[in-house]
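# Survey of secondary and tertiary structure
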Amino acid sequence: MWRDLAPIGRAADSGGYRRYAWTAADADCRAWFKAQAESRGLTYELDRNGNQWAWLGDPAAGGAVVTGSHLDSVPDGGAFDGPLGVVSSFAALDELRRRGAEFTKPLAITNFGDEEGARFGLACVGSRLAAGQLTVDKAYELRDADGITLPQAMERAGYDPTTIGPDPDRLARIGAFVELHVEQGRALDLTGNRVGIASAIWPHGRWRFDFRGEANHAGTTRLADRRDPMLSYAETVLAARREAELAGAVATFGKISVEPNGVNAIPSLVRGWLDSRAADQQSLDTVVAGVEKAAREYADRHGIDLDVVRESFTPVVEFEHTLRDELARILGTDTPVLGTGAGHDAGILSASVPTAMLFVRNPTGVSHSPAEYAAEDDCLAGVAALADVLEGLACSS
Ligand code: HGY
Ligand code: MN
Ligand code: MN
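Everything numeric in this text was worked out from a predicted model, so none of it was measured.

## Describing the layout of surface pockets
Computed from the structure, the largest pocket encloses a volume of approximately 1,100 Å³. Around the largest pocket sit 42 residues that line it, and Val 74, Arg 206, Asp 275, Arg 277 and His 368 are the ones nearest its centre. Looking at the lining of the largest pocket, the elements that each hand over two or more residues are strand E7 (204-212), strand E9 (250-259), strand E11 (269-277), strand E12 (305-314) and strand E14 (337-340). Both domain 1 (2-202 + 316-394) and domain 2 (204-313) contribute no fewer than three residues apiece to the lining of the largest pocket. Roughly 630 Å³ of volume is contained in the second largest pocket.

Pasting the structure below:
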């Protein structure tokens, strides 16, 4: 499976993955998923929001045990964030068949569309739409950097955008959703364990800061006469770091766009995106309010107009204790239970269905980077753990 996935959407210059929603690379990932489903005799389904499903057993029977993750990536993402969960799901099913497991419940493997939000700016679009956490109107307004809207992109990829929207009947078929994911920090590695269970996802969100000044000549405009939005932006980046440190949170400006983007021109517009996350809502609110207040002061000082727009927000997710305890019972009560600052489709679905996550050790903690890595032995331990969990939840003992 890894051999087939490895070249898809891989950038030769960085070695990272650029698998953005509704692009050619995404289509290749989707074709791979469908082929994996069909080669195992699973029933392939595409849902109304572009999420892929591979079913063993009758979906209508209810109480299905569902596992899976996503195949899209951030810009220059690693090989494992997302795909490890999907590959492990198919491998776990293979393992269960080897064990001769008898399924008493339907099982499904999923690939949720557009988890990273790399193209349209909003993460987890496929699961948010299904769970009714993103309205169709808002989804239709999403645009990529070239101004292509989400429905246009879907249509160009050969999908029908008119069907998107809440899918409660589909979610009602699910008895439990378990997402396996490479860990995106070093918490597991520090415990010396290969596999862990998720406790919670930090509340997190994305805010767009538009600093508007005045374009002018870089050589002839006196410093005193400038309205340079880059200055306010730069000071705001430093404020974000300061506020995050004070609150024990994280805050990142990782994306920026500049107009007119000329070496010899003072910018007219600097647009920066703040990603901030914290263990609790109050700390996150403190950070974002602090950054915005500082940005307004810096903007005033330089004669800059500032707009701040919250583009997305995901509240804290505390994974349901009954399912979490069941996983701990299956895997051993000494299995580490960890929180994470990373978002997942599992976090979105947790508002609608009992949901749990497994993490696989990441020896460096690096993720959202071409350097992301997981060792084969750890990945195999993840497959074995997922197989045990699926067997415990979906098979007769
Ligand atoms: O955490 C994230 O940025 C994304 O949802 N994986
Ligand atoms: Mn990710
Ligand atoms: Mn992911």
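Alright, that's what it looks like, and here's the rest.
## A few points about the coordination of the manganese ion (ligand 3)
Looking at the metal site, the manganese ion (ligand 3) is ligated by His 70 (NE2), Asp 81 (OD) and His 181 (NE2), spaced 2.0 to 2.2 Å from it. Read N to C, the donor residues that coordinate the manganese ion (ligand 3) are spaced as H-x10-D-x99-H. Separating the manganese ion (ligand 3) and the manganese ion (ligand 2) is a distance of 3.6 Å, and Asp 81 donates to both of them. On the criterion of sequence distance, the pair formed by His 70 in the loop between strand E3 (64-69) and helix H3 (83-99) and His 181 in strand E5 (residues 174-182) is long-range, its members being 111 residues apart. The buried category is assigned to His 70, whose relative accessible area is 0%.

## A few points about empty space enclosed by the protein
The tally for this structure, following the rule as stated, stands at two cavities of 30 Å³ or more. Taken as a whole, the largest cavity encloses approximately 40 Å³ of empty space. Around the largest cavity sit Trp 22, Asn 49, Gly 113, Asp 114, Val 125, Gly 126, Leu 129, Leu 150, Met 154 and Ile 164, which together line it. Breaking the lining of the largest cavity down by element, the ones donating at least two residues are helix H4 (125-130) and helix H6 (150-156). Looking at the lining of the largest cavity element by element, the count peaks at three residues for H4. Of the residues contributing to the lining of the largest cavity, the split by class is six nonpolar, three polar and one charged. If you add up the space inside the second largest cavity, you get close to 30 Å³.

The rules we used
Residues numbered from 1 in each chain as written. Chains lettered and ligands numbered in written order. Predicted model: local features only at pLDDT ≥ 70, side-chain atom pairs only at ≥ 80, totals over all residues. Heavy atoms only, no water. 1 Å grid on protein atoms, 1.4 Å probe; cavity = no way out; pocket = protein on both sides within 12 Å on 5 of 7 lines; lining within 4 Å. Points joined across faces, edges and corners; volume = space filled by probe spheres on them. Helix = DSSP H or I, 4+ residues; strand = E, 2+ residues; numbered from the N terminus. Domains from an automatic or database assignment. Donors = N, O, S within 2.8 Å, 3.2 Å for Na, K, Ca; no water. Buried < 20%, exposed > 50% of the residue type's maximum accessible area, 1.4 Å probe, protein only. Nonpolar A, V, L, I, M, F, W, Y, C, P; charged D, E, K, R; others polar.

Geometric values such as these leave the question of function open.
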